Every structure is written in C-alpha cells, then in structure tokens.
Amino acid sequence: MPDFRPSPDLDMHYRVDDFTDPWRRPQTILMLHGNAESGLAWYAWVPKLARHYRLVRPDMRGFGESTPMPSGYPWTLDRLLDDFCQLLDHLDIARCHLVGAKIGGTIARAFAARRPERLITLTVVGTPPPLRAGAAERVPDLIRDFETRGVEYWARQNMDSRLGSSFPPEGFEWWVKFMGRTAVSTQVGFMGTIACADIRADLAKIACPTLVITTEQSGLATVEETRAWQRRIADSELLVLPGNSYHVAATHADRAAEATLDFLARRGGG
C-alpha cells in the first residue's frame, strides 16, 4: 500500500484498485470511509466497482495505517479536504466521482460544496444529517469513555444500531475489532469536531449530480428527515433500501454498489 505526505504531520496511506481493461482510461472514484475505519471498509465494493473505475481508497488522517493525530490536534473539514485534494494532485487526477459512507458522507458533502471543480458526481451512503442534534452535548461523556475504556468498547456499544438486526454475529465482531484499532488520541479529537460539524450551509452549494442512500429505519434519521436535507441538494436523488442499519455501505454493500454503478452510468458522463 503506497503512502503520501500531504503535510509534515501526516503519512497518508491509500490503495488504488483498477481492474479495468488496460486499453481504457477509466474515471476515478475517491472513496471516503467512516469514523474509526480505514479504506479497508470498502472491501465488498471493490470487486463490483474496480472492473469499471479506478478506485482510490485513502486512510483518512488519523485513521487506519495513516499517522494517528494527537488528542489536541486542531481538526477542521477544510484540512481534510486539502489532504484529499493533494492526494488527487499526487495521482494526477483532475476530477473524480466521490463516494462517502457515514461521517465520510459528511466530509464528502463539504467536499462537493467547497471544491466543486474536483468532482463529477457525489454519492453518500448511510450518512448523518448535516447537523446531528445533541452530538456536541454527548462529546464529554464519549471522550471520558474513550480515555478510560478505549475505542473498541465504544464501537461495541453502538454496533447494533450501526449494523442492524440482520447482520451476522461474526460480522458484528469483525467490525468491533476493526474499529477498535483506532488510536484513542485520534478519536478524542475527531468526535469533538468533525463528528459534530455543521454543514447545513454547504448543501445548497452542491452542484454535481448526487445520490443519497439510506434505509427505511436508519438510526441516524427517518426517511422523511433524510429526504428533507437531500432535497436541498438541487440535482439529487434518494434511494431507500429495506432494513434498520445505518452503516448501509457495510450491510447493503452489493445493493448500494450496484445502485452507485447505475447512477454513475446515468449521470457520470462516461
């Protein structure tokens, strides 16, 4: 897995998957993972997408194999966007499709609004509302748990809501352990800033074709609440899948990846 240094404090690890025909020049999909994850979270999407597109799967600043951030790190959305834009420049990619899951979808919506020249389309899968009510108020308790019990404890406590009632027990344990590897210092800073970010003003600035995917009973928001913010994105559509998970990219990987391929074929210009 290669790495890239967008700033002195970060070695960013990333993966490139491209199984397209060698005589083609495929478009690129940049894939942004969720909180306490890494680019490995897209494991089930790669076989479906990489035959048609070049996939770039970074480990976001602080997560996965990228450099952990200290607990006092000054997290901002724009710093994350700069990381990703510099990675695209490093790979000589002028414009791409963007796919984000969970909090990666929050970052992706900000990306689409603030760096519109870099995107062809946007897809967000199981992503929170543009402002999560009560999130900031819960931060002190979350930080205390992270510092005393660790990230794995936190992941286990909310995994039922994340993965829903139909996910296999073995998968539940895999995701708990996977997320639990995140550095506490990263998580403490991230939860009090990026996880509480307010991107309501960004929605109306998103100009590229956008697909929003959720489930009928997502723990993040009702379908009506999701539709309310989705409609603020002018050129957008909503796909509602059956189920009660909110990590839709994991629990509905095949269906969501197929829907994304269909959307890119219809709206991606190539």
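In what follows, the structure referred to is the one given above.
Draft legend 1. A look at the nonpolar core. Counting residues in hydrophobic clusters, the biggest one holds 43 residues, and the most contacted among them are Leu30, Phe84, Ile107 and Phe111. Contributions of two or more residues to this core are made by β2 (10–17), β3 (28–32), α2 (77–90), β5 (96–101), α3 (103–114) and β6 (119–125). Look past the residues within four positions of Phe84 in its chain and what remains in contact with it is Met12, Leu30, Leu32, Pro58, Met60, Ile107 and Phe111. With 25 residues, the next largest nonpolar core counts Trp45, Tyr53, Leu239 and Val248 among its residues.

Draft legend 2. Summary view of the pairing of β6. Counting buried residues in β6 gives 7 out of 7 residues, a clear majority hidden from the surface. When β5 meets β6, the two strands line up parallel, connected through 5 bridges. Within β6, the position partnered with Ala101 by the bridge is Val125. For β6 and strand β7 (residues 210–215), the ladder comprises 4 bridges, and the chain directions are parallel. Across the sheet, residue Thr123 finds its bridge partner in β7, namely Leu211.

Draft legend 3. Region of interest: the environment of Asp21. Along the chain, Asp21 turns up in the loop between β2 and β3. Look at Asp21 and you get partly exposed, because its relative accessible area is 21%. C-alpha of Asp21 to C-alpha of Tyr53: the two residues are 32 residues apart in sequence and 9.9 Å apart in space. In this structure the side chain of Asp21 is engaged in a polar contact, spanning 3.0 Å, whose partner is the side chain of Arg51.

Draft legend 4. Broad picture of the sheet that holds β6. Taken together, 8 strands build an open sheet; the order of strands is β1-β2-β4-β3-β5-β6-β7-β8 and the sheet is mixed. Looking at the sheet topology across the chains shown, the edges are occupied by β1 (3–7) and β8 (236–241). Neighbouring strand axes in the sheet, compared pairwise and without regard to direction, differ in orientation by 25° on average.

Draft legend 5. Spatial organisation of the environment of His13. Tracing the backbone through its elements, the reader meets His13 in strand β2. Linking His13 and Ser66, residues 53 residues apart in sequence, is a C-alpha distance of 5.2 Å. Sequence-distant contacts of His13, that is, excluding residues within four places in its chain, are made with Met1, Pro2, Asp3, Arg57, Pro58, Asp59, Glu65 and Ser66. Within polar-contact distance, the side chain of His13 engages the backbone oxygen of Glu65 at 3.1 Å.

Draft legend 6. Local environment of the environment of Arg25. Here Arg25 shows up in the loop between β2 and β3. When the C-alpha positions of Arg25 and Trp229 are compared, they lie 35 Å apart, and in sequence the two are 204 residues distant.

Draft legend 7. Main features of the packing of helix α4 (residues 135–149) against helix α5 (residues 151–163). Two numbers describe how α4 lies on α5: the axes approach to 7 Å, and their chain directions differ by 125°. Put simply, α4 runs oblique to α5. Side by side, α4 and α5 meet where Leu142, Asp145, Phe146 and Arg149 of the first sit next to Val151, Tyr153 and Trp154 of the second. The residue makeup of the contact of α4 with α5, split by class, is 5 nonpolar, no polar and 2 charged.

About the criteria used
Residues numbered from 1 in each chain as written. Predicted model: local features only at pLDDT ≥ 70, side-chain atom pairs only at ≥ 80, totals over all residues. Heavy atoms only, no water. Core = buried A, V, L, I, M, F, W, Y, C linked by side-chain atoms within 4.5 Å. Buried < 20%, exposed > 50% of the residue type's maximum accessible area, 1.4 Å probe, protein only. Helix = DSSP H or I, 4+ residues; strand = E, 2+ residues; numbered from the N terminus. Contact = heavy atoms within 4.5 Å. Pairing = 2+ DSSP bridges. Polar contact = N/O pair within 3.5 Å; in protein donor to acceptor, adjacent residues only side chain to side chain. Axes fitted to C-alpha atoms, helices over the stretch in contact; angles between N-to-C directions. Parallel < 35°, antiparallel > 145°, perpendicular 65-115°, else oblique. Nonpolar A, V, L, I, M, F, W, Y, C, P; charged D, E, K, R; others polar.

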